[in-house]
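Residue strings, one per chain:
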Amino acid sequence: MESQNEHRRRVRYSGTHPRHYSEKYKELQPEKYGDTIEKVIRKGKTPAGMHISICVQEILDILKIQPGQIGLDATLGYGGHTLAMLKCLNLQGHIYGLDIDPVESEKTRKRLEDLGYGPEILTVIHSNFSQIDAISSQHGPFHFVLADLGVSSMQIDNPERGFSYKFDGPLDLRLNPQQGITAARRLETISQDELEGMLLENSDEPYAREIARAIISTRKKGCPIETTAKLRQAIEKALSSLPAATQKEAVKKSCARTFQALRIDINHEFEVLYQFLEKLPHTLAPGGRVAILTFHSGEDRLVKQSFKEYKKAGLYAAIADEVIRPGARECALNSRAKSAKLRWAVRG
């Protein structure tokens, strides 16, 4: 008897292994191809469409979550940290998960619900974490709060989002693709001096002047930088005078820093983080604990300064004396963990 289900052929690609994001049909279906996912992770890579959470055990050790508590995951993402925290609650209590990405947050809500964590214990809210005070006034105060400030791998790996120089796609870089202007649009009007300042302030780019000059020169020639490939080409041109032995690595690092600087700028990430840190202690219950994971020096400085100031003011009873870094094994399995820094504080 013929099956009534329509047969769908797998995605076709050249060669023995898929290269492009849309072709990696096994990685994009982790619930169906668990063996493939495991193999990819063992190689130290992140499967397409997934995000491997960093410092999970260290975060759980900091937050000391108990059944019945109310918590906030200020950066829901793929939900890996959220899942670990939900397990600690043992179906008693509640977690509120915030995310400004309407596409990925809905996928995560559905994924966690399918694992048995529905609206009775998890509420996903489409909101920026700078609005933590409004969230707390309605649902808090919180016994524990987590903020993972890294960009999710699902966003980085998807060429359509424009977060990575490694894949050609539209130069977008918006965390919420439904709001604000794209990075391509930002580069249409920015001045050379402003662009140089952005690269220095947001990513400590050593070739900020050369890159800014190359980007503006390309624009003036009537060649708008609308794709990730075109931005990479402008950076390659800016660094073309470097010695051949060091040029390839320098281009790679400058591309990463330039994309980071643009992403921070168009999403107003430093301003949003400052608002979050300013409101944070007032959203915690007495003895409430917070853990914040950062991925570059500018973020870490803001977190460190805020924790110190509020401890001095008596709002925090204790803060991390030293930054916590992922272990060697975790970095080997997940290269994106190498730049992570974890800090914590406890409400007075």
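Here the structure is a predicted model, which means the values were calculated and not measured.

(A) Spotlight on the packing of helix α9 (residues 208–220) against helix α10 (residues 228–238). It is at 8 Å that the axes of α9 and α10 come closest, and there the two elements cross at 125°. As summarised for this structure, α9 and α10 are arranged oblique, according to the angle between their axes. In terms of crossing hand, the pair formed by α9 and α10 is right-handed. From α9, E210, I211, A214, I215, S217 and T218 reach across to α10, where they touch L231, A234, I235, K237 and A238.

(B) View of the nonpolar core. Counting 33 residues, the largest nonpolar core has L171, L173, L187, L195, I215 and L231 as the members making the most contacts within it. Going through the elements one at a time, α7 (183–189), α8 (192–203), α9, α10 and α11 (244–266) are the ones with two or more residues in this core. Broken down by element, this core gets its largest block of residues, seven residues, from α11.

(C) A look at the sheet that holds strand β6 (residues 316–319). On the basis of which strands lie adjacent, the open sheet formed by seven strands has the order β3-β2-β1-β4-β5-β7-β6 and mixed pairing. Strands at the two margins of the open sheet, each flanked by one partner only, are β3 (122–126) and β6. If you compare each strand with its neighbour and ignore which way they point, the axes differ by 15° on average. Across six bridges, strand β4 (residues 142–148) lies against strand β5 (residues 284–294) in parallel orientation. Residue A147 lies in a different strand from β5, and its bridge partner there is I292.

(D) Highlighting the pattern of salt bridges. One pass over the full model with this rule turns up 14 salt bridges. With its nearest N and O atoms 2.8 Å apart, the salt bridge here joins E205 to R257. Highlighted residues: E205 in the loop between α8 and α9 and R257 in helix α11, separated in sequence by 52 residues. The buried category is assigned to E205, whose relative accessible area is 1%. The closest approach of N and O atoms between R232 and E236, which form a salt bridge, is 3.0 Å. With R232 and E236 both in helix α10 and four residues apart, this pair spans about one turn of that helix. Relative accessible area serves as the criterion here: at 31%, E236 is assigned to the partly exposed category. One salt-bridge network, held together by shared partners, links E106, R109 and E113.

(E) Looking closely at α8. Taking 1.5 Å of rise per residue, 12 residues should cover 16 Å, and α8 covers 16 Å from first to last C-alpha, within 8% of that figure. Among the residues of α8, L195, E196, M198, L199, N202 and S203 are the ones counted as buried. The arc enclosing the buried residues of α8, seen along the axis, measures out at 155°, which places them on a common side. Turned more than 90 degrees away from the buried face of α8 sit D193 and E201, all of them exposed. Contacts from the buried residues of α8 go to α7, α9, α11 and α12 (269–279). At the exit of α8 stands D204, carrying a positive phi of roughly 50°.

Rules of the game
- Residues numbered from 1 in each chain as written.
- Predicted model: local features only at pLDDT ≥ 70, side-chain atom pairs only at ≥ 80, totals over all residues.
- Heavy atoms only, no water.
- Axes fitted to C-alpha atoms, helices over the stretch in contact; angles between N-to-C directions.
- Helix = DSSP H or I, 4+ residues; strand = E, 2+ residues; numbered from the N terminus.
- Parallel < 35°, antiparallel > 145°, perpendicular 65-115°, else oblique.
- Left-handed = near helix turned anticlockwise from the far one by under 90°.
- Contact = heavy atoms within 4.5 Å.
- Core = buried A, V, L, I, M, F, W, Y, C linked by side-chain atoms within 4.5 Å.
- Buried < 20%, exposed > 50% of the residue type's maximum accessible area, 1.4 Å probe, protein only.
- Pairing = 2+ DSSP bridges.
- Salt bridge = Lys/Arg side-chain N within 4 Å of Asp/Glu carboxyl O.
- Expected span 1.5 Å × (residues − 1).
- Arc of directions from axis to C-beta.

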